[in-house]
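Working through the structure, step by step
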Amino acid sequence: MKELFTNDFIVEKGFLSLEVCQRWQDTIFENPKIFGQGVDPEYGQLAAFYSMLESGLNESYFRLAAQHNKFLAQKFPDIKKIISYAGTRILTHSGLKADALPLVPRDRKYFLIAGFSLQLANWKLYNIHTDTEGLIQYPESIFNPNTRAYSCVISIKRTAQFVEKRGGDLDIWRERWLAHELDQFYQSDGVKARSKINREKISYEEGNLILFDSFMPHVVLPFKVKKKQDRRISMVVHFNYRKGTERNPFPHLEYWY
């Protein structure tokens, strides 16, 4: 759907109250067996689809998705409203009516509707990337300029290391790169960007919502975890416009994590 916006992002400061963020943090650390990475066990099951695939835990992801969706509904009931709001913002930011497309979960039985990214140890990797891993079941889409995919992130806990060279904050390039074009974005080392002209610096205050075109390169700045205050937690949900799927044969925005 070409009307949906590209190469842009939305920041809403204070979208979630500090009280809600603190309550969610407490809930996460009260349930160590279901959360990972870095809680207990070392890699729990309530993790992103693509992270689980990369770790060889795809069977666990699919097998436990329905159970974890029930857990999310029980412990984080606001998440459904947040997903609805984010999907609506994609449409209205594109100049469309708020109900222009239905919002449909990818498959509640096998995919999480949303989740949390937990960074509880030193984050040393300077990894500029695009968020196309979750489109693995639609491989042609990451090469197609008509693909519309979005990432929604809400800062639940900002690492105290942001005072050290903005550790844990987000840089995003106001540029759109398809999978076969990314080599042109990077320097010869395949790590650093050729240019910082279009780089935008996003502060990560707790409660902030960031919604962006998933084909825009972005990076979480490295940080150290010396104490609990240095941990970083985000709520994440991804969206993708589908003209129709076998399960949902009509135009819609699907969402998952």
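Analysis parameters
Residues numbered from 1 in each chain as written. Predicted model: local features only at pLDDT ≥ 70, side-chain atom pairs only at ≥ 80, totals over all residues. Heavy atoms only, no water. Salt bridge = Lys/Arg side-chain N within 4 Å of Asp/Glu carboxyl O. Helix = DSSP H or I, 4+ residues; strand = E, 2+ residues; numbered from the N terminus. Buried < 20%, exposed > 50% of the residue type's maximum accessible area, 1.4 Å probe, protein only. Contact = heavy atoms within 4.5 Å. Polar contact = N/O pair within 3.5 Å; in protein donor to acceptor, adjacent residues only side chain to side chain. Phe/Tyr/Trp six-rings, centres within 6.5 Å; stacked < 30°, edge-to-face > 60°. Lys NZ or Arg CZ within 6 Å of the ring centre and 35° of its normal.

Topic: the pattern of salt bridges
- Scanning the entire structure with this criterion turns up eleven salt bridges.
- R63 serves as the salt-bridge partner of E59, at 2.4 Å between the closest nitrogen and oxygen. Of this pair, E59 and R63 both sit in helix α3 (residues 58-75), separated by four residues, roughly a single helical turn.
- For E59, a relative accessible area of 45% translates into the label partly exposed.

Here's the deal with the environment of R194
- Mapped onto the elements, R194 comes out in the loop between β5 (170-173) and β6 (199-202).
- Classification of R194 by relative accessible area gives exposed; the value is 55%.
- On a C-alpha basis, the gap between R194 and Q184 in space is 8.0 Å, while along the polypeptide they are ten residues apart.
- With residues near it in sequence (within four places) discarded, R194 still touches D183, Q184, F185, Y186 and Q187.
- Here the side chain of R194 touches Q184 through a polar contact of 2.9 Å, landing on its backbone oxygen.

Details of the side chain of S94
- Mapped onto the secondary structure, S94 falls in the loop between α4 (79-93) and β2 (103-105).
- In terms of polar contacts, S94 uses its side chain to reach the backbone carbonyl oxygen of I90, at 2.7 Å.
- Setting aside residues up to four positions removed in sequence, S94 forms contacts with E3, L4 and F5.

What about the packing of aromatic side chains?
- For the coordinates displayed, the defined rule picks out 14 aromatic pairs.
- Where F5 meets Y150, the ring centres are 4.8 Å apart and the plane angle is 50°; that geometry is what we call tilted. Within this pair, whereas F5 is found in the segment before β1 (9-12), its partner Y150 is found in strand β4 (residues 149-157), the two being separated by 145 residues in sequence.
- Residue classification places F5 among the buried residues on the basis of a relative accessible area of 8%.
- By relative accessible area, Y150 is classed as buried at 0%.
- Plain terms: the ring middles of F239 and Y255 are 6.2 Å apart, the flat faces sit at 55° to each other, and that makes the pair tilted. Placement of the pair is F239 in strand β9 (residues 232-242) and Y255 in strand β10 (residues 252-256), with a sequence separation of 16 residues.
- These aromatic residues form a ring-pair network of at least three members: W24, F71, F76 and F116.
- Taking NZ or CZ as reference, R106 lies 3.8 Å from the ring centre of W256, over its face.
- Between the NZ or CZ atom of R158 and the centre of the ring of F162, over which it lies, the distance is 3.6 Å.

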